[in-house]
Amino acid sequence: MDLSYLNARIRAWKSELLDKETFDGLIGASDTKGLISRLKETIYARDMEIASARHEGEADILEGGFRANLANTFKRLWDYAPESGRTMLRGVFSIWEAYNLKAILRARDKGVSPDESIFILIPTGDMDEAALKELNQAKDIKDILNLLSTWGSPYARPIRDALERYKKERQLILIEIALDRFVHDYSISSASGDDMHRRIIKHLVKERINSINISTLLKLCGEALSPANIYSYFLEGGSVIDKDNFLKLAESKDKRDLMQRLVDLVKDSRWKKIIRAADPDEAFFLEEQLEEFIKKEICRLSVTEPLSIALAVCFIYKKIREIKNLRLIVRAKVFGIPAIEIKRFILL
């Protein structure tokens, strides 16, 4: 499969990504109005102008511009990809489609309003802005499942399969794990053969499984589940934690004990470093750090394998991280969070 033309375009698009100096300037903006003005000096200029004509509130203008920019960026990526490359891109985009579903499911489970949850969604793949808006308006999990079933979405099956057990145990993570298992199988099947592209996708999936198993242990900590139930939360295919150690770690007294036991257990120096530096009381930030670690791994492969799908995957991760950083800055301006606090959570 020849990705040379697509990869040449991606190398040009990488220059459009915002750098640290630009982010420092955005963080330094006095308010959301100043943020819009500064973004009009960047690649987001046209998107901000269009969003200003469609929306009234400054936060809505910013979010509308971000979503439009992301959708246009991924459309360019799709349009320039050869047919065989699109198959793999669909598998990669499925990671973010599942992310959207989990975000909406969590919002409904915790009673977060659609107006709030829309700000964390990532329009990508088959889940464009219109689809996400409709899904985000669903009242509960049953409504989400009905919508997906009506659309003929493949994500309906894993949610349906996990729904009865969720109703009994009220553990949303059961549905999240079902979605992750589906996405990992789908991502690997999207890269046929045994060439470098498939090896890279398999590496991406393996690292995501490592990340999810660590995150799952943090979520289950203190739940006092039976061994049989704990095993059902484990994702096969990772390299950092095996099933037996997953069970032992799930018996940890608290999150700090769990993180220390992870540091002692994990042999891979890359994972050990990020676990040791993590704050167990900031589980959400740890998930973002683990995602950032995976991004860096894939971007490293894009350098050693410059003709491979790794370059496109790296670009997707970087663009989504950029949008997440921009959204974080917007929320900080809205709620008056000091710049020094914002910088702590910005990942570049």
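Residues numbered from 1 in each chain as written. Predicted model: local features only at pLDDT ≥ 70, side-chain atom pairs only at ≥ 80, totals over all residues. Heavy atoms only, no water.

Trainee: Would you mind going over the side chain of Asn325 with me for this structure?
Mentor: Mapped onto the secondary structure, Asn325 falls in helix α18 (residues 310-335). Judged by its relative accessible area of 2%, Asn325 falls in the buried class. Ignoring any residue separated from it by four or fewer positions in sequence, one finds Asn325 in contact with Phe23, Phe345, Ile346, Leu347 and Leu348. (Helix = DSSP H or I, 4+ residues; strand = E, 2+ residues; numbered from the N terminus. Buried < 20%, exposed > 50% of the residue type's maximum accessible area, 1.4 Å probe, protein only. Contact = heavy atoms within 4.5 Å.)

Trainee: Would you take a moment to explain the side chain of Glu97 for this structure?
Mentor: With respect to the helices, strands and loops of the structure, Glu97 is situated in helix α6 (residues 83-109). One buried charged side chain, Glu97, makes no salt bridge at all; its nearest oppositely charged neighbour is Arg90, positioned 5.5 Å away. Contact partners of Glu97, with chain neighbours within four places excluded, come to Thr124, Gly125, Asp126, Met127 and Tyr155. (Lys, Arg positive; Asp, Glu negative; His and termini not counted. Salt bridge = Lys/Arg side-chain N within 4 Å of Asp/Glu carboxyl O.)

Trainee: What should I look at first to understand the environment of Asp195 in this one?
Mentor: Relative to the helices and strands, Asp195 is located in the loop between α11 (173-189) and α12 (196-220). Separated by 17 residues in the primary sequence, Asp195 and Ala178 place their C-alpha atoms 28 Å from one another. Only 3.1 Å separates the side chain of Asp195 from the backbone nitrogen of Arg198, close enough to count as a polar contact. (Polar contact = N/O pair within 3.5 Å; in protein donor to acceptor, adjacent residues only side chain to side chain.)

Trainee: Would you take a moment to explain the packing of helix α9 (residues 141-151) against helix α10 (residues 156-169) for this structure?
Mentor: When two helices pack together, their arrangement is given by the angle between the helix axes and the distance between those axes. Where α9 contacts α10, the axes come no closer than 10 Å and their chain directions differ by 155 degrees. Here α10 runs roughly antiparallel to α9, going by the angle between their axes. The handedness of the crossing between α9 and α10 is left-handed. Here Ile141, Leu145, Leu148 and Ser149 of α9 lie close against α10, whose contacting residues are Ala156, Ile159, Arg160, Leu163 and Tyr166. In the contact of α9 with α10, the residues fall into seven nonpolar, one polar and one charged. (Axes fitted to C-alpha atoms, helices over the stretch in contact; angles between N-to-C directions. Parallel < 35°, antiparallel > 145°, perpendicular 65-115°, else oblique. Left-handed = near helix turned anticlockwise from the far one by under 90°. Nonpolar A, V, L, I, M, F, W, Y, C, P; charged D, E, K, R; others polar.)

Trainee: I'm lost on the environment of Leu328 in this one. Help?
Mentor: Positionally, Leu328 belongs in helix α18. Residues Leu328 and Ala107 lie 221 residues apart in sequence; the distance between their C-alpha atoms is 18 Å. Contact partners of Leu328, with chain neighbours within four places excluded, come to Ile342, Phe345 and Ile346.

Trainee: Just to check I follow, could you spell out the packing of aromatic side chains for this structure?
Mentor: The description of two aromatic rings rests on the distance between their centres and on the angle between their planes. Under the definition given, this model contains 12 aromatic pairs. When the ring of Trp271 is compared with that of Phe293, the centres are 4.5 Å apart and the planes differ by 65 degrees; the resulting orientation is edge-to-face. Here Trp271, found in helix α16 (residues 269-277), pairs with Phe293, found in helix α17 (residues 283-304); they are 22 residues apart in sequence, far enough to count as distant. For the pair formed by Trp271 and Phe293, the shared burial category is buried. Every member of this aromatic cluster is reached through a ring pair, and the members are Tyr5, Trp13, Tyr80 and Phe315. Across from the ring centre of Tyr231, 5.5 Å away, lies the NZ or CZ of Lys243, which sits over that ring. (Phe/Tyr/Trp six-rings, centres within 6.5 Å; stacked < 30°, edge-to-face > 60°. Lys NZ or Arg CZ within 6 Å of the ring centre and 35° of its normal.)

Trainee: Help me understand the pattern of salt bridges in this model?
Mentor: Pairing between side chains of opposite charge can happen when their charged atoms approach one another. Summed over the entire model, instances satisfying the criterion amount to 33 salt bridges. Across the pair Glu16 and Arg76 runs a salt bridge, and its minimum N-O distance is 3.0 Å. With a gap of 60 residues between them, Glu16 in the loop between α1 (4-13) and α2 (20-27) and Arg76 in helix α5 (residues 58-80) connect regions that are remote in the sequence. Classification of Glu16 by relative accessible area gives partly exposed; the value is 27%. Linking Glu297 and Arg300 is a salt bridge whose minimum nitrogen-to-oxygen distance equals 3.2 Å. Placement of the pair is Glu297 and Arg300 together in helix α17, with a separation of three residues, close to one helical turn. The exposure class assigned to Glu297 is buried, which follows from its relative accessible area of 8%.

Trainee: Can you walk me through the environment of Ile201 in this structure?
Mentor: Checked against the element boundaries, Ile201 lands in helix α12. As a C-alpha pair, Ile201 and Ser187 span 14 residues in sequence and 7.1 Å in three-dimensional space.

Trainee: Explain the state of the cysteines here, please?
Mentor: Defined simply, a disulfide is a covalent bond joining two cysteines at their sulfur atoms. Applying the stated criterion to the full structure yields one disulfide. The disulfide partner of Cys299 is Cys314, and the gap between their sulfur atoms is 2.0 Å. Disulfide Cys299-Cys314: torsion about the S-S bond near 95 degrees, hence right-handed. Of this pair, Cys299 sits in helix α17 while Cys314 sits in helix α18; the two residues are 15 residues apart in sequence, bridging distant segments of the chain. Summarising the burial analysis for this pair, Cys299 and Cys314 share the class buried. (Disulfide = S-S within 2.5 Å.)

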